[in-house]
Each structure stands twice: as structure tokens, then as C-alpha cells.
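One letter stands for each residue in the lines below.
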Amino acid sequence: MGLEQASGGASRETWFVELDTGERLVLRRDPPGLARPEGMAREAVVLEAAAQAGVPVPELVDHGADDTVLGSPYVLTRHVDGETIPRRLLRDDAYAEARAGLARELGRAAARIHRIPVPEGFPEPDPLEQLVVDYDALGDPIPAVEIAFRWLRENRPAGAGRTLVHGDFRNGNLIVDRSGLRAVLDWELVHVGDPMEDLGWLCTNAWRFGSPLPAGGFGSLDELFDGYAEVAGTRPDPEVVRWWEVLGTAKWGVICRSQAEQHLSGAHPSMELAAIGRRVCEQEYDLLVALGVPGPTPPLQVESEAADLHGRPTAAELVAATRDFLRDEVLAGADGRMKFQALVAANVLSTVERELRFGAEQERRHAARLAELGFADRAAFAAALRAGEADPRNEDVAGLLWSEVFDRLAVANPKHIQSRTRGGNGA
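Quick caveat: nothing in here was measured; it's all calculated off a predicted structure.

Re the packing of aromatic side chains
For the coordinates displayed, the defined rule picks out nine aromatic pairs. Measuring from centroid to centroid gives 6.2 Å for Trp207 and Phe209, while their planes differ by 45 degrees, and the two rings are tilted. Of the residues examined, Trp207 reaches a relative accessible area of 4% and is grouped as buried. Ring-pair connections join several aromatic residues into one group, and the members of that group are Trp201, Trp207, Phe209 and Trp252. One cation-aromatic arrangement involves Arg170 over Trp207; the distance from NZ or CZ to the ring centre is 3.9 Å. Cation over ring: Lys251 sits above Trp201, and NZ or CZ is 5.0 Å from the ring centre.

Have a look at this one:
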């Protein structure tokens, strides 16, 4: 029997299993020590229900919540051939034909999910209020998220119904081959709620992976909505989907910070989880764009002066040399999960190198900007935005918001600004 752990998977482990008979299976389990047996049981129930409703899903083989079997709760399914890596699906010529119809196909799949009979005992949270609770528990105020919460409360639409919701319906949780969609994966967040939540999440910029096309990077909103209407009989309201897209952007920002907290707290030490924490600023940028907060051109970054005491190479130069070693030598000889982890490590070192170069000057400028507007620190600024005492439409407040986000992106991911398609939900 062969066993190989898949790359990625910050919240659950995925293992590929090859039996002596040649049959291939996929094992998903909670990381030991972070068991969520109720969620794993729900996933098993809904996989069977989804298959009966015509949703393409892997066939369930076994599942269990007894830690003595595999160390933590698990779901075992048959392997489905195809590709899951978003950038390949969006760029490789091999999937050009599949891409052409995928937005409509995803619309049909989502509508079939929303026709699954609602099981008893599934969670039915208020997604906005739950997100605020999760965010507050982190104790790390984020100004752009505060603006989003205020907008979301002021513009909340009437519900589009009460259905089963996948909860993580997006590019990256799909298996696609040259002919089209083969399976919808990762049902761990399934719950009861508004069906438009799934469409808004699919359209969130984070899951377009640099594509200008709003429906998961694959196509237009019209194509997605046409496919949905074929099965559901009703066409989604673009403004309602846009509301859910804004919520999804704020949600992913909070999730990024929450996953980093698992590492910082020591609950689940992980370089990958630590790195995800620096992606919060990408969602801050996307929120400011989506909500139309007026912004300036990104400023030129000024390098901080290197300390004389330690001489050359500087700390930034040492980090860059180590990063290049990982990229040029370690990555070349690695494969599977180790290759993925080495790439994450190289990207982390790039972030550290940029912070060493620009961070001190950024911090000086940011403290001065906060003081000019009468805020002691970033937390005080966020609190004023929550209370409505600071208006993001004010030129000075907007300027402070954007300058902070630009500086953070210049360190964490300077390419994000270049790849971001302005206009929120493709409008």
C-alpha cells in the first residue's frame, strides 16, 4: 500500500492512498489534537446526500470519529482523476475547453447543492454576527474590516431562502479535467443558510487567483447566473451576490488572521499557518476597492537605513541569500509536500527581507499619520471607525486607510495590487 500526504491543506490533512489492488483512495482527517468530530460527521452525511442530488462528489467509502482508528476524525473517499490546482486550471492550455463552460457548470452545481434536503441538526449561524464574534476574539483590530462590517450591516439584503450551503464553494475545492467539472470537494464548512453565500464566496477576489473574470476566475457573472437559473428556476440578484462577496472578503481576512493565531498560540505550530497571517492586507485592499473608498496612487517605498554595527551583509541580504538557496537548490531537489513547504518558506523569507528593507521607515511614517489625525495607534483608529467617529469618505481618513494598506502590501505581497481587478463583483 502506498501513502502520500498532499501539499496544502492548512485546516485538514489530505492523504493519497494506493491499495495493493491498484485502487486509489483519498483520506481527509483533522490534524491530531485539533479534532472536530461533529464537522467530519456532517461532511460524511452530506457527501451521500449531494451524490443523490446530482452534485459531482467523490464516492464515500468510510468515515469515523474514533481517535483510536487513525488518530483523529476522518473521511475516506474514492479518488477522482483531474486537476485541483487553481493556477493550472486558469492558465494551462489543457483546460481551455473546460474553462469555456465552467462558470455555467459551477452555477448548475451550486443550484443542485441548494436543492439538497436540509438535514436535521446542521448549524445555522448568522454569518455576519458570527464573523464579528470571531474577529473580536482575536483582539487585533483591522481598520478595513471595521469599515466592511459597518457597510454590511447598513446594506444587508433580504434573504434569498434557507438551504444547505457548501460554505467553501470555490476554485481550489474543485476537481476539473479536460471535459469540465468532476467533483466538488471539502464540505467541512457545510451549514444551513442563504444560498447566495456560496455564489458570493466563489466570486471573492481571493479565489480568482489573478484572473479578471469574477466567477471563480473562470467566467462572467452572467454565465454563472445562467447556469444557476437552469437548475434553480430563478436568477440570482447581482447586488445580493455582491453583498455576499464583500462579506466573503472580510471573512477570508479574519480567517487568515485566525489561522496565524493557531501558530502564534502554540495550538498548531505551522510555518504555513504563520505565513497566511500576512495575507490579511490583501483582503484589506480588496475591501477598500469593493467599497469604493477613494484612494491615491501607491507611494514609492523608501528603504530604511542599515545598522552600521553589524556591517555587510545586512540582515536583509542574509535573508535574501537564504531565500535564493531555497528557491534555486532546495526546491530543485524536492517533491510533493516538501516542495510546497520549501516554496512557502522562500516566500516567507521574501516578506521578511522586504520588511527589513522598508519596515522602519514605514513605521515612522505611519505613526506620524496617526498622530496627525489624533489617534494613539492602529487600534484606536479601528475603534473610531467602528463607532462611526471616523468617516472613510473623509479624504484624510481615506488617505490613512490606503497608506497603511499600501505599506503592508509592499511587504507582504507587492504583486497583489497589479493583479487586482477593480470593480468589486466584476461591475
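Structural notes on the side chain of His166
Of note, His166 is situated in the loop between β6 (163–165) and β7 (174–177). From its side chain, His166 meets the backbone nitrogen of Phe169 in a polar contact 3.2 Å long. At 2.9 Å, the side chain of His166 forms a polar contact with the backbone oxygen of Leu185. Ignoring sequence-local partners within four residues, the contact set of His166 consists of Ile113, Val184, Leu185, Asp186, Trp187, Leu189, Val190 and Asp198.

Notes on the sheet that holds strand β2 (residues 13–18)
With antiparallel pairing, five strands are arranged side by side in an open sheet as β1-β2-β3-β5-β4. The outermost strands of the open sheet, each flanked by one partner alone, are β1 (2–5) and β4 (60–64). Across the sheet, the axes of successive neighbouring strands diverge by a mean angle of 20 degrees, strand direction being ignored. Pairing analysis gives four bridges linking β1 to β2, with the strands arranged antiparallel. The partner of Glu4 across the bridge, within β2, is Phe16. The strands touched by helix α1 (residues 37–52) are β3 (24–29), β4 and β5 (74–78); relative to β5, the strand with the most contacts, the crossing angle is about 25 degrees.

Here's the deal with the UniProt feature "domain: DUF6285" (unreviewed entry) in the protein
Under the present numbering, the feature "domain: DUF6285" (unreviewed entry) in UniProt falls on residues 334–415. Annotation note: span residues 334–415, helix share 80%, strand share 0%, distance between end C-alpha atoms 26 Å.

Overview of the pattern of salt bridges
Applying the stated rule across the entire model yields 40 salt bridges. The salt bridge partner of Glu361 is Arg364, with a shortest N-O separation of 2.6 Å. Linking Glu361 with Arg364, this pair stays in helix α13 (residues 336–372), spanning three residues, or about one helical turn. The network of salt bridges with common partners includes Glu303, Arg323, Asp324, Glu353 and Arg357.

A closer look at the pairing of β7
Neither face of β7 is left uncovered, since the one carrying Leu174 and Val176 and the one carrying Ile175 and Asp177 both have all their residues buried. Where β7 folds back onto strand β8 (residues 180–184) in an antiparallel hairpin, the turn is made up of two residues.

Notes on the nonpolar core
In terms of nonpolar packing, the biggest core is built from 94 residues, with Leu106, Trp187 and Phe381 touching the most fellow members. Broken down by element, the residue count for this core peaks at 10 residues, all from helix α9 (residues 238–264). Setting aside anything within four residues of it in sequence, one finds Leu106 in contact with Phe169, Leu174, Leu181, Leu202, Phe218 and Leu224.

Let's talk about helix α4 (residues 96–113)
For α4, which comprises 18 residues, the first-to-last C-alpha distance of 26 Å matches the rise-based estimate of 26 Å (1.5 Å per residue) to within 8%. The largest bend along α4 measures about 50 degrees and falls at Leu102. Considered for burial, the residues of α4 that qualify are Ala98, Arg99, Leu102, Ala103, Leu106, Gly107, Ala109, Ala110, Ala111 and Ile113. Turning to α4, the residues buried within the fold contact α3 (86–91), β6, β7, β8, α7 (196–203) and α8 (221–232).

Section: the environment of Met196
Within the fold, Met196 resides in helix α7. Among the residues examined, Met196 registers a relative accessible area of 5% and is labelled buried. Distance in space between the C-alpha atoms of Met196 and Leu400 is 33 Å, their sequence separation being 204 residues. Among residues more than four places away in sequence, those in contact with Met196 are Ala160, Tyr228, Pro236, Val240, Val241 and Trp244.

Description of the side chain of Glu284
Tracing the chain through its elements places Glu284 in helix α11 (residues 280–290). On the basis of relative accessibility, which here comes to 1%, the residue Glu284 falls in the buried class. Reaching out from Glu284, the side chain makes a polar contact with the side chain of Arg408 at a distance of 2.8 Å.

Considering the pairing of β5
In terms of burial, β5 is a largely internal element, four of the five residues being buried. Alignment of β3 against β5, held across five bridges, turns out to be antiparallel. Bridging across to β5, Leu25 finds its partner in Arg78. Taken together, the four bridges between β4 and β5 define a ladder with antiparallel strand orientation. Its bridge partner being in β5, His63 is matched across the sheet by Val75.

Scoring rules and cut-offs
- Residues numbered from 1 in each chain as written.
- Predicted model: local features only at pLDDT ≥ 70, side-chain atom pairs only at ≥ 80, totals over all residues.
- Heavy atoms only, no water.
- Phe/Tyr/Trp six-rings, centres within 6.5 Å; stacked < 30°, edge-to-face > 60°.
- Buried < 20%, exposed > 50% of the residue type's maximum accessible area, 1.4 Å probe, protein only.
- Lys NZ or Arg CZ within 6 Å of the ring centre and 35° of its normal.
- Helix = DSSP H or I, 4+ residues; strand = E, 2+ residues; numbered from the N terminus.
- Polar contact = N/O pair within 3.5 Å; in protein donor to acceptor, adjacent residues only side chain to side chain.
- Contact = heavy atoms within 4.5 Å.
- Pairing = 2+ DSSP bridges.
- Axes fitted to C-alpha atoms, helices over the stretch in contact; angles between N-to-C directions.
- UniProt positions renumbered as here; feature names shortened; annotations may be inferred.
- Salt bridge = Lys/Arg side-chain N within 4 Å of Asp/Glu carboxyl O.
- Core = buried A, V, L, I, M, F, W, Y, C linked by side-chain atoms within 4.5 Å.
- Expected span 1.5 Å × (residues − 1).
- Bend = angle between axes of the 7 residues up to and from the residue.

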